[in-house]
Amino acid sequence: ITTSGKLEPHDPARLAAIGVRHVVNLALADHPEALADEAALMAAQGITYTHIPVPFDAPTHDHVAALEHSLATH
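Enquirer: Help me out: how do you make sense of unusual backbone geometry in this one?
Expert: Glycine aside, residues mostly have negative phi angles, and peptide bonds mostly take the trans form. Phi is positive for Asp-37, which is not a glycine, with a value near 60 degrees. Among the secondary structure elements, Asp-37 is positioned in the loop between strand S1 (22-25) and helix H2 (38-44).

Printed below as a string of structure tokens:
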């Protein structure tokens, strides 16, 4: 398990090259620094992708449960 900040367009290939198999994105989809088509870019590299948009000023128990589920199943 590792964490990251903002991803750049070259990052999916770099992540695949170091053996990353699953990405969980917790950022809101409309964040101004979001990587466009992130799910498709990950899929093209054989990386599964889960998006759990969390408003960082108001996370809920449901967000935590979704993250726990994603980590347990991937």
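Now, onward.
Enquirer: Any chance you could explain the nonpolar core here in plain terms?
Expert: It is characteristic of soluble globular proteins that their nonpolar side chains tend to be buried jointly. Membership of the largest hydrophobic core is limited to six residues, which are Leu-7, Leu-15, Val-23, Leu-35, Met-42 and Ile-47. Excluding residues within four positions of it along the chain, Met-42 makes contact with Leu-7, Pro-12, Leu-15, Val-23, Ile-47 and Tyr-49.

Enquirer: Teacher, can you tell me more about the environment of Leu-35 here?
Expert: By the secondary structure assignment, Leu-35 is in the loop between S1 and H2. The contact partners of Leu-35, leaving out residues within four places of it in the chain, are Leu-7, Glu-8, Pro-9, Pro-12 and Leu-41.

Enquirer: Where do I start with the environment of Ala-36 in this structure?
Expert: Locating Ala-36 in the fold gives a position in the loop between S1 and H2. Take Ala-36: its relative accessible area is 55%, and that puts it in the exposed class. The spatial distance from the C-alpha of Ala-36 to the C-alpha of Pro-9 is 8.4 Å, given a sequence separation of 27 residues.

Enquirer: Looking at this structure, how should I read the pattern of salt bridges?
Expert: Pairing of side chains with opposite charge becomes possible as their charged atoms draw close. Within this structure, the stated rule accounts for two salt bridges. Residue Lys-6 is joined to Glu-8 by a salt bridge in which the shortest nitrogen-to-oxygen separation is 3.3 Å. A relative accessible area of 46% places Lys-6 in the partly exposed class. By relative accessible area, Glu-8 is classed as partly exposed at 32%. Measuring nitrogen to oxygen at the nearest pair gives 3.0 Å for the salt bridge that ties Asp-11 to Arg-14. Pair noted here: Asp-11 and Arg-14 are both in helix H1 (residues 11-17), with a separation of three residues, about one helical turn. Residue classification places Asp-11 among the buried positions, given a relative accessible area of 6%. Given the relative accessible area of 41%, Arg-14 is considered partly exposed.

Basis of the calculations
Residues numbered from 1 in each chain as written. Predicted model: local features only at pLDDT ≥ 70, side-chain atom pairs only at ≥ 80, totals over all residues. Heavy atoms only, no water. Helix = DSSP H or I, 4+ residues; strand = E, 2+ residues; numbered from the N terminus. Core = buried A, V, L, I, M, F, W, Y, C linked by side-chain atoms within 4.5 Å. Buried < 20%, exposed > 50% of the residue type's maximum accessible area, 1.4 Å probe, protein only. Contact = heavy atoms within 4.5 Å. Salt bridge = Lys/Arg side-chain N within 4 Å of Asp/Glu carboxyl O.

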